[in-house]
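Architecture at a glance
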Amino acid sequence: MSTYKERGVIFPVDIVPRPNLDLVKNFDIRDDDIMMITYPKTGTWWTHQIVKQILASEGVKDEKYLGDFPNLIEFSVPEKGALAELFKTAPSPRVLATHVPVEFLPSGLLGSKAKIVVVMRNPKDTAVSTFHFWQKVPEVKTPESWESFLEQFLAGDCPWGPFYDHALGYWKLKDSHNILFLKYEDMKKDLPAEVKKLATFLGRPLSEEAVQAVVGATQFDSMKKTVKQHRDGAFTRKGVIGDWKNSFSDEQSRAFDDQYRERLSNTGLEFEFE
Ligand SMILES: Nc1ncnc2c1ncn2[C@@H]1O[C@H](COP(=O)(O)OS(=O)(=O)O)[C@@H](OP(=O)(O)O)[C@H]1O
């Protein structure tokens, strides 16, 4: 599968055909939409399952749109075509998800009352997860060796663009009232608290019992059993914080930390690595 660059950002052509970017940009947002935003490999499937469970507790169960696959509006899937087309007529509340950087978002989103949830993960684990993922998608040409892959990741040469540009593009919107930031590491450390926070933000506060039910259904082991296993299990691979230690050499880790400090110092954005 080949890739193309749009405004400096790499997209895999078969997953996000170029016309899809216009479809997404011009996509009409409804005030009751829920827009989930993730950089790839930071918790897309996980948070999608959590939102599905939160909505299920108010009786919303539409498998056509809230199916197993995270609803990534910029994607095209063989049996459905461009998802942005499909979602135009989906019933409310719509759960839309995207990996696109902020400049590619539907133009009406930020001025709307839609709820925006941004999920982030520490960039070392994100890089490792991404490396393993692309090895299972041989159609997309990414380096086979970890060393070369990491070099590209540090250079920002990866699908959906550079990690830090993506994260900071959204982080600068943090004072907007309808955005919630979640971190993968917080979810790992205290899932009930994060589920509660998310449900409340979505205007659907849950009882303690309901929180526990969502947690039970979305913990890693449950998801490994329930989420359809595409790409040889790549969507539920290890699900831990700190797996980067199995791939990074000390030297790679130092170079990574230098860039991390350079890009995030004085931004207020920080991540936990273990
Ligand atoms: N329930 C749960 N708990 C903890 N971690 C989980 C869970 N579900 C998925 N994962 C891990 O999330 C990583 C995949 O990220 P994404 O879903 O964003 O992938 S994708 O962008 O949609 O391809 C991938 O991370 P790695 O294991 O580090 O590769 C998954 O294992």
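For every chain, the first residue of its written sequence is number 1, and the numbers climb from 1 along that sequence. A pLDDT threshold of at least 70 governs which residues receive local features in this predicted model, and a stricter bar of 80 or more applies before side-chain atom pairs are shown or counted, although totals over entire chains, interfaces and linings include all residues. With hydrogens and water excluded, all non-hydrogen atoms of the structure serve as input to the side-chain values.

Moving on, we get to empty space enclosed by the protein. With a 1 Å grid spanning the protein atoms alone, the term cavity applies to any set of points in which a 1.4 Å probe fits but cannot get out, the term pocket to an open set with protein on both sides within 12 Å along at least five of seven lines, and the term lining residue to any residue with an atom within 4 Å of a point. Grid points are joined across faces, edges and corners, and a volume is the space filled by probe spheres set on the points. Applying the stated criterion to the full structure yields two cavities of 30 Å³ or more. Here the largest cavity defines a volume of roughly 50 Å³. Going along the chain from the N terminus, every DSSP run of H or I of four or more residues is numbered as a helix, and every run of E of two or more is numbered as a strand. Secondary-structure elements contributing two or more residues to the lining of the largest cavity are strand S3 (34–38), strand S7 (115–120) and helix H6 (163–171). Counting residues per element, the lining of the largest cavity draws most heavily on H6, which supplies four residues. A per-class count over the lining of the largest cavity returns eight nonpolar, three polar and one charged. As a volume, the second largest cavity reaches approximately 30 Å³. Classes in brief: Ala, Val, Leu, Ile, Met, Phe, Trp, Tyr, Cys and Pro nonpolar; Asp, Glu, Lys and Arg charged; the others, Gly included, polar.

Once that is clear, we can look at the pattern of salt bridges. Throughout this description, the term salt bridge denotes a Lys or Arg side-chain nitrogen within 4 Å of a carboxyl oxygen of Asp or Glu. Under the defined criterion, the tally for this structure stands at 12 salt bridges. Ionic pairing is found between Arg 18 and Glu 6, a salt bridge with its closest N-O pair at 2.6 Å. Here the residue Arg 18 occupies a position in helix H1 (residues 18–25), and Glu 6 occupies one in strand S1 (residues 3–6), the gap between them amounting to 12 residues. Exposure classes here rest on a 1.4 Å probe applied to the protein chains alone. A residue is buried below 20% of its type maximum, exposed above 50%, and partly exposed in between. Classification of Arg 18 by relative accessible area gives partly exposed; the value is 43%. Across the salt bridge formed by Lys 124 and Asp 257, the nearest N and O atoms sit 2.9 Å from each other.

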